[in-house]
Amino acid sequence: MTVTIGVLALQGDVREHLAALTASGAAAVPVRRRAELDAVDALVLPGGESTTIDKLLRAFDLDGPVRERLAAGMPAYGSCAGMILLADRIEGGIDGQRTLGGLDVTVRRNAFGRQVDSFETDVRIDGIPESEDRPVHAVFIRAPWVQEVGPAATALARVESGPAAGRIVAVRQGSLLATSFHPEVTGDTRVHRLFVEMVREAAASVRP
Ligand code: GLN
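Labelled according to an unreviewed UniProt entry, the protein appears under the name Pyridoxal 5'-phosphate synthase subunit PdxT, originating from Cellulomonas denverensis. According to its UniProt record, the protein has this under Subunit (unreviewed entry): "In the presence of PdxS, forms a dodecamer of heterodimers. Only shows activity in the heterodimer." According to its UniProt record, the protein has this under Sequence similarities (unreviewed entry): "Belongs to the glutaminase PdxT/SNO family."

Printed below as a string of structure tokens:
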């Protein structure tokens, strides 16, 4: 089944996600308008700056429509800033910063601290079978971590070593997926393939 996945294209690394989704077998389109949102089966919220994307969502009158689609069960995947946007609760947001919500987690913005603003490490992600033989190389750029996972959500990956060892960096709740890191910049499409599979499953249940 071909699924159409939008990438919210207000700010951030939109092109990289479009390429990774296309490589993962989905039809991928940028979403800037309501009509474009209405035409997709699922939405990716890219990495970038969550405070800016929050403001632009409101300026483009997209925040209400995206919230409605999420509430109606549209699958979504957020990387980094996108993870912040999908979180029900944030720590370290700026005054008035809002999230779209959906994931029963508390996300801590810029959690890894100034000294380790950006770093790379390998992680194993539940639900990615190949990760047994080859971990996913995770690139973190001023990334959040998941401070707390509520009962509705499940942690899929943790940092395995170093000062942030044990911190949760990937979560899932039904057809919502979020990572602190940026799989779209590594050429490894396994996270995107997992999401495309989630979208196919969700689409199969509404259009059998
Ligand atoms: N620190 C950014 C924020 O708060 C996220 C960084 C990223 O997406 N690479 O939105």
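This is not the end of the story, as more comes after the structure.
### Points about the pairing of strand β3 (residues 42-45)
Every second residue of β3 is oriented toward a common face, with Ala42 and Val44 on one face and Leu43 and Leu45 on the other, all of them buried. Note that strand β1 (residues 4-8) and β3 share three bridges and pair parallel. By the bridge assignment for β3, Gly6 is matched with Leu43. In this structure, β3 lies alongside strand β4 (residues 76-79), joined through three bridges in parallel fashion.

### Quick word on unusual backbone geometry
Despite not being glycine, Cys80 has its phi angle at roughly 55°, a positive value. Assignment of secondary structure puts Cys80 in the loop between β4 and α5 (81-86). According to the relative accessible area criterion, Cys80 is buried, its value standing at 4%.

Reading guide: rules and limits
- Residues numbered from 1 in each chain as written.
- Predicted model: local features only at pLDDT ≥ 70, side-chain atom pairs only at ≥ 80, totals over all residues.
- Heavy atoms only, no water.
- UniProt positions renumbered as here; feature names shortened; annotations may be inferred.
- Buried < 20%, exposed > 50% of the residue type's maximum accessible area, 1.4 Å probe, protein only.
- Helix = DSSP H or I, 4+ residues; strand = E, 2+ residues; numbered from the N terminus.
- Pairing = 2+ DSSP bridges.

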